[in-house]
Amino acid sequence: VKSVQQGRSSGSLSTDKLSPAQWSALVFILVSSGKDLDVFDLMKYSGSEEVLLRLLPVVKASSKALLSGCNLSERSCEALSSVLSSQSSSLRELDLSNNNLQDSGVKLLSAGLKSPNCNLETLSLSGCLVSEEGCASLASALTFNPSHLKELDLSYNHPGDSGVKLLSTGLKDPDWRLEALRYGGTCCRSREDSCQLTIDTNTVSRHLKLSEDNRKVTYEELQSYPDHPDRFDYWPELLCRTGLTGRCYWEVEWRGYVYISVSYRRIKRKGYSEDCRFGGNDHSWSLICSDEGYSVRHNNIKTPLSSSSVSNRVSVYVDCPAGILSFYRVSSDSLIHLHTFNTTFTEPLLPGFWFWTYGSSVFLC
C-alpha cells in the first residue's frame, strides 16, 4: 500500500507494471479515499478492459463511471451488470459511449438494470452499435424495474423505428422515471448536430485542386493560387473556415490515401516540420484512411485500428465541451465506431484534410 501511495504521489505509478498485490493495494487505496469516488475515469489508469475488471470494486463504490472509448466488450458488460445488481453499489451515472458493445453486450447490461438493487439514473450508450434488439432489451429491463433510470443516451446508433418506439413509449408511462431519451444521429442525415463545412480557400495548398463548388478536393498538378500568409506552402493540406466550439457532426467521402483531421487554428502553415502536419503535433488529431485500413495519429504517434472492412465514407463527431472526438465509418446507413479521442480542447477546432498520394480526394457530403 505504501509503495503504491508513493507512486501515485510522484506520478510514477504505471498500471502496465503492477503486480497482483499492487493492484489489490490500489483498489484498497481508491475505495478508502472518499475524494476519488465522485467520478471514476478509467482513462486516468489505462483505457482497457483488463484494467476495468481489476478496478471493478472502485466502480461499484463510485457515483459516476466514465468508460467512454475504452475498447470494452461483452465481458465488461457482464461484469458491470453484476455491479448494477449489487445492493452495495453507489453507481448513479455510467458512460459507456463509443465502445463496440453491440446488442449482445446491451442484453447482458440490461440484466443488471432489471435488478431491484439497481439505482442507476443516467446511462450513455452513444455509438455502441445498438440496434432494435438492444433497444428491446433495454425497454424490457425498464418495464421490469421502471423506478430508477432518468436519462438514456442512444445517439449515434441504429435503433430503427421499432426500437425508438419501444423506448419513447416509456416517456409517457407514469411508472417510468425516464425523463430524457436521446437517439439522434442514427445516420438519418438530418441529425441535430450536423454542420456544413466550408473550405477556407486561403489555406489550400497549391498542390490541391478545388472543384464541385469547392466541395471536392483532389491532390494533383500545381495550382496558381495567390500568396497568402494562411496558405500551407509545403504539405498538401487545407483547413475549413469556421472554428467549432460545441457539438458538430460531418461526413466525408474519400479516395486514395487521406488524413481526415481537426486542428487548432495556430497550426503552422510554412515549412515541412511536424508542427505543420495534421496529427504530427499536440494540437491536431487525424484519422488516416487508405484501402489497407484505418489508423489514427496525434502528437506524432500513429496507432493502427482494427476494422473488418473499409468504407469510402467516414464521419466525424466532436463534442468540444466534453472533450470527445470520434471517428466512424459509414456502411449501409449505419455508423461503425472506429476510434475516440478523449481530451480537453482549449481552443476552437477547425476541420482539415491532408493528402498522401496523387489522385487522392475528399468530398464534403
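Look a little higher up for the structure.
These notes cover the structure that comes with them. All of these numbers come straight from a predicted model, not from anything done at the bench.

Tallied over the full model, the rule gives twelve aromatic pairs. Ring centres 5.4 Å apart and planes at 50 degrees place the aromatic pair Tyr234 and Tyr272 in the tilted group. Pair noted here: Tyr234 is in the loop between strand E8 (216-219) and strand E9 (237-239) and Tyr272 is in the loop between strand E11 (257-264) and strand E12 (284-290), with a separation of 38 residues, a long-range link. Taking the relative accessible area as the measure of exposure, Tyr272 reaches 60% and is therefore exposed. Considering the side-chain rings of Tyr257 and Trp356, the 6.1 Å spacing of their centres and the 45 degrees angle between planes classify their relative orientation as tilted. With Tyr257 in strand E11 and Trp356 in the loop between strand E18 (349-355) and strand E19 (361-364), the pair connects residues that are 99 residues apart, well separated along the chain. Within the aromatic cluster, the residues linked to one another by ring pairs are Tyr234, Trp235, Tyr257, Tyr259, Tyr272, Trp354 and Trp356. Above the plane of the ring of Trp235 lies Arg277, whose end atom (NZ or CZ) is 4.6 Å from the centre.

Below, the discussion takes up unusual backbone geometry. One non-glycine residue with positive phi stands out, namely Asn71, at about 55 degrees. Along the chain, Asn71 turns up in the loop between strand E2 (64-66) and helix H5 (74-85). On the accessibility criterion, Asn71 (67% relative accessible area) is exposed. One non-glycine residue, Asn299, lies in positive phi territory at about 55 degrees.

What counts and how
Residues numbered from 1 in each chain as written. Predicted model: local features only at pLDDT ≥ 70, side-chain atom pairs only at ≥ 80, totals over all residues. Heavy atoms only, no water. Phe/Tyr/Trp six-rings, centres within 6.5 Å; stacked < 30°, edge-to-face > 60°. Helix = DSSP H or I, 4+ residues; strand = E, 2+ residues; numbered from the N terminus. Buried < 20%, exposed > 50% of the residue type's maximum accessible area, 1.4 Å probe, protein only. Lys NZ or Arg CZ within 6 Å of the ring centre and 35° of its normal.

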